[in-house]
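# Summary of structural features
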Amino acid sequence: MSGVPQSNPQAAAQKTFYLETFGCQMNVHDSEKVVGTLLQEGYRQVETVEAADLVLYNTCSIRDKAEQKVFNRLSDYKKYTAQGKTFGVLGCVAQQEGEKIFERAPYVSLVCGSASYRKLPEMLRQLENAQLESAQSRNTTTEAAAPPFAVFEGWESMLPTSRDSSVGTAGKSAVKPSSRKPIADSLIRITGLDDRETDACFETEFTARTNPHRGYITIIEGCDKFCAYCVVPYTRGKERSRTSQSVLAEARQMADLGYTEIQLLGQNVNSYKDSEGKPGLRKSFAELLAAVGEVPGIRRVRFMTSHPRDFGRDIVEAIDAVPTLCDHVHLPVQSGSTRMLDAMQRLYTREQYLERIAWMKAAKREISITTDVIVGFPGETESDFVETLDLLEEVGYDAVFAFKYSPRPNTPSLKLEDAIPDEEKAHRLDLLMAKQREIQIARYKKYIGTRCEVMVEGKNEARSQYMGRTSHNKTLNFTAPPTATPKPGTYAPVVVTSSFPNSLLGELVV
Ligand code: 5AD
Ligand code: SF4
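A brief structural summary. (Residues numbered from 1 in each chain as written. Chains lettered and ligands numbered in written order. Predicted model: local features only at pLDDT ≥ 70, side-chain atom pairs only at ≥ 80, totals over all residues. Heavy atoms only, no water.)

## Regarding the overall build of the chain
Scanning the chain from terminus to terminus reveals 14 helices and 22 strands. Residues counted as buried form 55% of the 510 residues belonging to the chain. Approximately 22400 Å² of the chain is accessible, and the part contributed by carbon and sulfur atoms is 51%. (Helix = DSSP H or I, 4+ residues; strand = E, 2+ residues; numbered from the N terminus. Buried < 20%, exposed > 50% of the residue type's maximum accessible area, 1.4 Å probe, protein only. Areas by Shrake-Rupley, 256 points an atom, 1.4 Å probe, with all protein chains shown as cover.)

## A word on the pairing of strand β16 (residues 368-375)
Taking burial as the measure, the eight residues of β16 include eight buried ones, the bulk of the element. Judged by which residues are buried, β16 turns out to be covered on both faces: S368, T370, D372 and I374 on one side and I369, T371, V373 and V375 on the other are all buried. Two strands pair when backbone bridges link them, and strand β15 (residues 328-330) and β16 are joined in this way by three bridges, in the parallel orientation. Residue pairing for β16: H330 is matched across the bridge by T370. As judged from the six bridges shared by β16 and strand β17 (residues 399-404), these two strands associate in the parallel manner. Of the residues in β17, the one forming a bridge with V373 is A402. Viewed along the sheet, the connection from β16 through helix α13 (residues 382-395) into β17 turns out right-handed. (Pairing = 2+ DSSP bridges. Right-handed = clockwise from strand over helix to strand, strands pointing away.)

## Re the site of ligand 2
Taken together, the residues surrounding ligand 2 are C223, K225, F226, C227, Y229, C230, V232, P233, Q267, H307 and R346. Classifying every residue of the shell around ligand 2 by side-chain character gives seven nonpolar, two polar and two charged. (Near = heavy atom within 4 Å. Nonpolar A, V, L, I, M, F, W, Y, C, P; charged D, E, K, R; others polar.)

## A look at the packing of α13 against helix α14 (residues 422-445)
In the contact formed by α13 and α14, the axes pass within 10 Å of each other and the chain directions differ by 20°. Here α13 lies roughly parallel to α14, going by the angle between them. At the point where α13 passes α14, the crossing takes the right-handed sense. Taken together, the residues of α14 that come into contact with α13 (itself represented by E382, F385, T388, L389, L392 and E393) are E424, R428, L431, L432, K435, Q436 and I439. When the residues that make up the contact of α13 with α14 are grouped by side-chain class, the tally is six nonpolar, two polar and five charged. (Axes fitted to C-alpha atoms, helices over the stretch in contact; angles between N-to-C directions. Parallel < 35°, antiparallel > 145°, perpendicular 65-115°, else oblique. Left-handed = near helix turned anticlockwise from the far one by under 90°. Contact = heavy atoms within 4.5 Å.)

## Side note on the site of ligand 1
Taken together, I62, R63, Y229, Q334, D372, I374, F403, K404, Y405, S406 and R408 make up all the residues around ligand 1. At a separation of 2.8 Å, an oxygen atom of ligand 1 approaches a polar side-chain atom of R63. Between ligand 1 and D372, the relevant distance is 2.6 Å, taken from an oxygen atom to a side-chain nitrogen or oxygen of the residue. Across the complex, the protein chains shield 87% of the 400 Å² of accessible surface that ligand 1 would expose by itself. Elements with a minimum of two residues in the shell around ligand 1: β16 and β17. Across the shell around ligand 1, the residue classes tally to five nonpolar, two polar and four charged. (Polar contact = N/O pair within 3.5 Å; in protein donor to acceptor, adjacent residues only side chain to side chain.)

## Here we look at the packing of aromatic side chains
Inspection of every chain in the model, using the stated rule, returns twelve aromatic pairs. Pairing F226 with Y234 gives two aromatic rings, centres 5.5 Å apart and planes at 75°, and the pair type is edge-to-face. For F226, a relative accessible area of 34% puts it in the partly exposed group. Taken together, the ring pairs connect F22, Y57, Y77 and Y80 into an aromatic cluster. For R209, the ring lying beneath its charged end belongs to Y259, and the centroid distance is 6.0 Å. Lying over the aromatic face of Y444, K474 brings its terminal NZ or CZ to 5.2 Å of the ring centre. (Phe/Tyr/Trp six-rings, centres within 6.5 Å; stacked < 30°, edge-to-face > 60°. Lys NZ or Arg CZ within 6 Å of the ring centre and 35° of its normal.)

## Topic: the sheet that holds strand β14 (residues 300-304)
Sheet architecture is open: three strands sit in the order β10-β13-β14, paired in parallel fashion. Strands at the two margins of the open sheet, each flanked by one partner only, are β10 (214-218) and β14. Each adjacent strand pair in this sheet contributes to an overall mean axis angle of 25°, direction not counted. When β10 meets strand β13 (residues 261-265), the two strands line up parallel, connected through five bridges.

## Some words on unusual backbone geometry
Of note, the amide linkage connecting M304 to T305 takes the cis form, showing an omega dihedral of 0°. One non-glycine residue, S464, lies in positive phi territory at about 50°. Looking at the element boundaries, S464 is found in the loop between β18 (451-460) and β19 (465-470). Backbone geometry places N473, a non-glycine residue, at a positive phi of 75°. When you line up the elements, N473 lands in the loop between β19 and β20 (475-479).

Now the structure itself:
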């Protein structure tokens, strides 16, 4: 683990990779671990596709648009295959589409879901060996001049496989002639797709964190909630927690490296289950949160994402008891209508959700609350939607991430009737965002004149403003006298002087 990605100098000259990440923070952090793994395997990271031998996409399929972006990007880069570049698709689209990716983008050589990342070193070696063999057979056999072949059906069973990853090299002698199909270039296919039932997490000591001051730690992977609209349980596999010992060791290691802010990550951090130690001594999520907050050197701890069903009062008590735990909770509601929540299989009612909000509002510090909302879920009536608008008002969120419902493969809601026309979804989204904007304008205004501590994130030279983030997770940009030069990663007191719907502006207190 290190703040600045390092590569193995021996092989640095030979193998380069480019990695582009789509999607959520889980994907961003998975990419940091994938980068660390590749560096350890002797690859060097480059900034452009042009400069890379291996081009990887860590993909997202949470909504249709995210998935489409990946295929657009892949078709954009098709031209590079002639230059001998190797392409890999990682993450949720990889898991969801599986080997179909090879049909849609035949020049892809590696398809790997997130549940198989811990096998990446093995898969990379398989990829390299297969490439070597392919190059050798082109050079040394009489078949060399013949067009290479891709195998689209049944190729896995004919080629050497391990349980969770498999490799195929087009044109190998093991392949039956009947299943061969001539294509433009030699194809190699490595897959890591069969791990959705695994109990193992992707733990690595080689995480290449991109920010030297604040970093993520995954505490739980996968999801067992199966909300009716959500593809995550199918793409990220079943829920599995790391041990609290391993999480705390990583937190201490980060603190030793100078990190002061940690964000604990998981699709549903509240259902964290420690498997280490005697049953009575295992840590609940709230206890783990508090323990991370007590690691010497750590000044801020955040967590994402919470599920209302599993969100306990003990989390609010931990925030009350441990000052380093940030006063911000992201609690996705999805809808303000109990009828819709039931259809979405969210396992709570509007009233139960509001009960959790009441716990937070009774906390000693003001807790900033943010949420996710889906509009236009099948069957959502005007009055269901109005209940969502009312809920925004009642809770008073500091940010809302709102999405039009997007039907996803494999999910139960795919079969639901009463689809809402896209124009109506768009209309509801506009209304919701307009409403939330008004709420935020009023909420952010209240900060004017108050003093907040920010973590300095950098400087916007054009505006002569420093960028900062409050413990509430609000952006607070600020000016400072020329004599003061607040450094990224340091903490500074700022007085808020004006507000916008999504950010605050202030002056450094000197
Ligand atoms: N359509 C629209 N939004 C979705 N989300 C998850 N699945 C879908 C879907 N099929 C949203 C939820 C979730 C956030 C990460 O993405 O609001 O909380
Ligand atoms: Fe998806 Fe629901 Fe799991 Fe969140 S809790 S990842 S919305 S299935």
